[in-house]
Each structure stands twice: as structure tokens, then as C-alpha cells.
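Tertiary structure, described
Residue-level listing of the chains:
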Amino acid sequence: MRVWACLLAGLIAGTTAPGAVAWEEQERGSYNNKMALLSFLLESAQERAGRDVQTLCLLMSIGNDVTERYVATNPEDVQIQQRLMAMRQDLSACLANQAEAHAWADS
């Protein structure tokens, strides 16, 4: 009886693990698709807007939010956590640049 229980547990673990991996891959694929779209928009905004820092910061903020949501549901993904830290620094720099641009325009 104990052998059957072990075999059944192994069978269950073997059938649910690929499903879990597939789900994680689907989430990562969805995240990658969103970031690819945002990257395209960001590049387009940089080319068209030139010095439109507000648009660039907005797009960076959206990318930051998407990444934060992904990390919240996938905390074991160290690569994306590191990307999020870099994205936060970039967003902070963008916002500081935007504040400087507004201060310069107001003077």
C-alpha cells in the first residue's frame, strides 16, 4: 500500500510540475510581449519627440509598473528583479530630468 501511495504521489508531482512550468513560461512570455511593445513605443517616442521627457518618463513608468506586477507574482525570477532595480533608477533619473526641464522652462 505504501508503494502505491509513493507511486501515486510521484505521478501527481510529475503531472503538475510541467503544468506549473508551462504556466510560469506563459506568464514570462506575456511579460516579455508587454515589455517588447513598451520598448517599441519608447524608441518611437525618443525618435519623434526628441526632448519630450514627459512622454519618455510616462512610458518608463508603465514599464516599471508592468515589471513590478510580474515580480509580485513571480518573486523567484531574479533576472527580472535585477531589471526592476535598474528600471527604477532609470525612471528616477528621467523624473529628475523632467523636473529640471520644467524648472528651466519656468525661469
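So, a few notes on the structure that sits alongside this text.

Per the secondary structure count, the protein includes three helices and zero strands. Reading the helices (α) and strands (β) of the protein from amino to carboxyl end gives α-α-α. Looking at the protein as a whole, 22% of its 107 residues qualify as buried. Restricting the contact set of the protein to residue pairs at least 6 apart, pairs at least 24 apart contribute 64%. For the protein, the computed accessible surface area is about 7,900 Å², with 61% contributed by carbon and sulfur atoms.

In total, this model carries two salt bridges according to the counting rule given. With a closest N to O distance of 2.6 Å, D77 and R28 form a salt bridge. Taken together, the residues D77 in the loop between α2 (53-73) and α3 (78-106) and R28 in helix α1 (residues 2-49) connect sequence positions 49 residues apart. Between R88 and E68 there is a salt bridge whose closest N-O contact spans 3.4 Å. One end of the pair, R88, is in helix α3; the other, E68, is in helix α2, and 20 residues separate them in sequence. The partly exposed category is assigned to R88, whose relative accessible area is 40%.

Let's shift gears to the layout of surface pockets. By volume, the largest pocket amounts to about 330 Å³. Every residue lining the largest pocket is counted, 16 residues in all, and those nearest its centre are L42, L59, M60, M87 and D90. Of all the elements in the fold, those that place two or more residues in the lining of the largest pocket are α1, α2 and α3. For the lining of the largest pocket, the element with the most residues is α1, which contributes six residues. Split by residue class, the lining of the largest pocket holds eleven nonpolar, four polar and one charged.

This paragraph deals with the environment of T55. Here T55 is to be found in helix α2. Among the residues examined, T55 registers a relative accessible area of 28% and is labelled partly exposed. Along the chain, T55 and Q98 lie 43 residues apart, while their C-alpha atoms are 9.9 Å from each other.

Before going further, it helps to spend a moment on the side chain of Q98. Within the element layout of this structure, Q98 appears in helix α3. Those residues within four positions of Q98 in sequence are excluded, and the remaining contacts are V53, Q54 and C57.

A few words on the state of the cysteines. On inspection of all chains with the given rule, the structure shows one disulfide. What pairs with C57 in a disulfide is C94, and their sulfur atoms sit 2.0 Å apart. With the S-S bond torsion at -110°, the cross-link from C57 to C94 turns out left-handed. Of this pair, C57 sits in helix α2 while C94 sits in helix α3; the two residues are 37 residues apart in sequence, bridging distant segments of the chain. You'll find C57 and C94 in the same group, each marked buried.

What counts, and where the lines are drawn
For every chain, the first residue of its written sequence is number 1, and the numbers climb from 1 along that sequence. With pLDDT at 70 or above as the cut-off, local features in this predicted model cover only qualifying residues; side-chain atom pairs require 80 or more to be listed or tallied, and sums for whole chains, interfaces and linings still use all residues. The basis for every side-chain value is the complete set of non-hydrogen atoms in the structure, without hydrogens or water. For helices the rule is a DSSP run of H or I covering at least 4 residues; for strands it is a run of E covering at least 2, with both sets numbered from the N terminus onward. Only protein chains enter the accessibility calculation, which uses a 1.4 Å probe. A residue is then buried if its area is under 20% of the maximum for its type, exposed if over 50%, and partly exposed in between. What makes two residues a contact is simply this: any of their non-hydrogen atoms within 4.5 Å. Throughout, the Shrake-Rupley method with a 1.4 Å probe supplies accessible areas, and for residues the shown protein chains are the sole cover considered. What makes a salt bridge here is a side-chain nitrogen of Lys or Arg within 4 Å of a carboxyl oxygen of Asp or Glu, nothing more. Definitions used throughout: a 1 Å grid over protein atoms alone; a cavity as a set of points that fits a 1.4 Å probe which cannot get out; a pocket as an open set with protein on both sides within 12 Å along at least five of seven lines; a lining residue as one with an atom within 4 Å of a point. Grid points are joined across faces, edges and corners, and a volume is the space filled by probe spheres set on the points. Three classes are used, and their members are as follows: Ala, Val, Leu, Ile, Met, Phe, Trp, Tyr, Cys and Pro are nonpolar, Asp, Glu, Lys and Arg are charged, and the others, Gly among them, are polar. In plain terms, two cysteine sulfur atoms within 2.5 Å form what is called a disulfide here.

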